[in-house]
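Here is what each chain is made of, one letter per residue.
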Amino acid sequence: MRSAGSARTAKFRRLSSLIGLAMLAVGTIACGPENDANMLRPKGKQAKQINDLLFWPVVIAIVIGIGVAGLVLYAAIKFRHKGDDTVPKQVHGNRAVELGATIGSALILAVLAVPSYALVQDLAETPRGALNVEAVGKQWWWQFRYPTDNKPVVGEYSLVTANELVIPKGRDVRLNVRACDGVGASKSGIADTSCNVIHSFWVPALNGKVDAVPGRDNKLTLTAPLDYGPHEYAGYDNAAVYPGICAEYCGLSHANMRFKVIALDPEDYEDWYSKLSEPLEALPVDEENNTSGLAGDLLKKFSCVNCHSFNPTQTLHGPNLAHFASRETFASGKWDITPENVRKWVQDATSMIPMQSEGCAESSFGFTGTYAPGTEVSGERCVGMPSYKEEQGDIPAMTDAEASVIADYLLSLK
Ligand code: CUA
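Cut-off values and rules
- Residues numbered from 1 in each chain as written.
- Predicted model: local features only at pLDDT ≥ 70, side-chain atom pairs only at ≥ 80, totals over all residues.
- Heavy atoms only, no water.
- Helix = DSSP H or I, 4+ residues; strand = E, 2+ residues; numbered from the N terminus.
- Salt bridge = Lys/Arg side-chain N within 4 Å of Asp/Glu carboxyl O.
- Buried < 20%, exposed > 50% of the residue type's maximum accessible area, 1.4 Å probe, protein only.
- Pairing = 2+ DSSP bridges.
- Axes fitted to C-alpha atoms, helices over the stretch in contact; angles between N-to-C directions.
- Phe/Tyr/Trp six-rings, centres within 6.5 Å; stacked < 30°, edge-to-face > 60°.
- Lys NZ or Arg CZ within 6 Å of the ring centre and 35° of its normal.
- Arc of directions from axis to C-beta.
- Expected span 1.5 Å × (residues − 1).

Focus on unusual backbone geometry
Point 1. Between Gln139 and the following residue, Trp140, the backbone shows a cis peptide bond with an omega angle of 5 degrees.
Point 2. If you trace the backbone, Trp140 turns up in the loop between strand 1 (131–138) and strand 2 (141–147).
Point 3. Geometrically, the link from Gly229 to Pro230 is a cis peptide bond, its omega value of -20 degrees lying close to zero.
Point 4. Structurally, the position occupied by Pro230 is in the loop between strand 8 (218–222) and strand 9 (231–233).

A word on the pattern of salt bridges
A side chain of one charge can pair with a side chain of the opposite charge when the charged atoms of the two come close.
Point 1. A complete count under the given rule lists 7 salt bridges for this structure.
Point 2. Here Asp265 ties to Lys169 by a salt bridge, and the two come within 3.5 Å at their closest N and O atoms. Taken together, the positions of Asp265 in the loop between strand 11 (258–264) and helix 4 (266–276) and Lys169 in the loop between strand 4 (164–168) and strand 5 (173–179) put the pair 96 residues apart, joining distant regions of the chain. In this structure, Asp265 and Lys169 share a single accessibility class: buried.
Point 3. A salt bridge links Arg178 to Asp217; its shortest N-O distance comes to 2.7 Å. Placement of Arg178 in strand 5 and of Asp217 in the loop between strand 7 (210–212) and strand 8 is noted, with a sequence separation of 39 residues between them.
Point 4. Among the residues examined, Asp217 registers a relative accessible area of 36% and is labelled partly exposed.

Brief notes about the sheet that holds strand 8
Point 1. Pairing is mixed across the open sheet formed by 5 strands, whose spatial order is 3-2-1-5-8. Pairing within the sheet leaves two strands with one partner each, and these edge strands are strand 3 (157–162) and strand 8. This sheet shows a mean twist of 25 degrees between the axes of neighbouring strands, independent of strand direction.
Point 2. In this sheet, strand 8 lies alongside strand 5 in antiparallel orientation, the contact comprising 5 bridges. Bridge pairing in strand 8 links Asn176 to Lys219.

Things to note about the packing of aromatic side chains
Point 1. Inspection of the entire model under this criterion finds 15 aromatic pairs.
Point 2. Consider the rings of Phe310 and Tyr409, whose centres lie 5.9 Å apart with planes at 50 degrees: the pair is tilted. Here Phe310, found in the loop between helix 6 (304–307) and strand 12 (329–330), pairs with Tyr409, found in helix 9 (residues 400–411); they are 99 residues apart in sequence, far enough to count as distant.
Point 3. Among the residues examined, Phe310 registers a relative accessible area of 4% and is labelled buried.
Point 4. By relative accessible area, which is 18% here, Tyr409 ends up buried.
Point 5. Cluster of aromatic residues (ring-pair linked, three or more members): Trp142, Phe144, Phe201 and Phe259.
Point 6. The positively charged end of Lys209 is found above the aromatic ring belonging to Trp202, 4.6 Å away from the centroid.

Here we look at helix 4
Point 1. Taken residue by residue, helix 4 has Asp268, Tyr269, Trp272 and Leu276 as its buried positions. For helix 4, the arc enclosing every buried residue in end-on projection is 100 degrees, short of the 170-degree limit, so these residues lie on one face.

Observations regarding helix 9
Point 1. Taking 1.5 Å of rise per residue, the 12 residues of helix 9 would be expected to cover 16 Å, and the 16 Å separating its terminal C-alpha atoms lies within 8% of that figure.
Point 2. Within helix 9 the residues assigned to the buried category are Glu402, Ala403, Ile406, Ala407, Tyr409, Leu410 and Leu411.

Details of the pairing of strand 2
Point 1. Burial analysis of strand 2 places 7 of its 7 residues in the buried class, which makes it a mostly covered element.
Point 2. Residues Trp141, Gln143, Arg145 and Pro147 of strand 2 are buried on one face, and the alternating residues Trp142, Phe144 and Tyr146, pointing to the opposite face, are buried as well.
Point 3. Connecting strand 1 to the next strand, strand 2, in antiparallel fashion are 2 residues.
Point 4. Sheet topology note: the strand 2/strand 3 ladder contains 5 bridges and is antiparallel. Residue pairing for strand 3: Pro147 is matched across the bridge by Tyr157.

Structure representation (structure tokens):
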């Protein structure tokens, strides 16, 4: 039989290893790389206001937390089991303590509500002279649309991009955040039924989250500071890069749904904007379906142009590819644009990002000659880019050489 002493030692050992593990876990989290996606190290004006608001609630919570933990510890030691079998004094409630705790908590919450409400109102205001951009959550990437003449309402666009939101430093950017709205869903006129999904747009260093809800236009203002940088982006060397994430579960590749906000010096932004909104010299496949060059033939052969536009002002279902190689990342912002990655993606996208398009391609190709995101195939909804690794219906498998031609063409689109 073990003595009480050795049982106590074993208990103590177990407790100390638990505490050790907890400390290790906290330490590991704290040691993560600094990637500018930290709401506690805010860079934007709005994120700073939110962070300032957080200060007093955290201080009050720490004080109350320490108080409660201290009292629990005190009671556990003072009134611990002392080896006799006497029943301790039975206590049923204490009106003064209960009333005090209830009224005290209500008062603290009421006081904290005042600055919170004021800040919510403040952040909701539409700033004057803001740059208007639409951010559209798709499965699983973000489309960014710059309205013609900076109009605040939905309509015509002078530039449509994906995954990387480029903005000027120092200027308020008013985002209209919406869920995939089916605007220009597909060239073949197929309705985009993959639009009934909620996403959440979040750039932790710049502002709080806002949901992208089907049928709603939600607003968010981002203001990148003038004095923060410098990274190199698309040939501009004073760029600030702020990582963003989708913060609402939205299906299979939710965790891959990343994006970046890139803030450029105001004159660099103007330069970027005029370059990007310029049409390509020749479309690989034009409106009449005439192709130019080998890449054009292949983009038509594999139906790429049904979902992807090479006209920088057009919104089709898939990411606009007009100036593809001017970006740093592709595929939900998860992969860097490198020749290897792009070639692999073109041929076998689902091996790089899980998508629901496997098994969907065959029937939609077979009947309509197009791949249709949103179609239902044996109860499964097709979302995302298909894999061309194997033959599907009318569409033959894509050879390595064909994938290289398409990838080289995409990489030439600066
Ligand atoms: Cu989009 Cu999660």
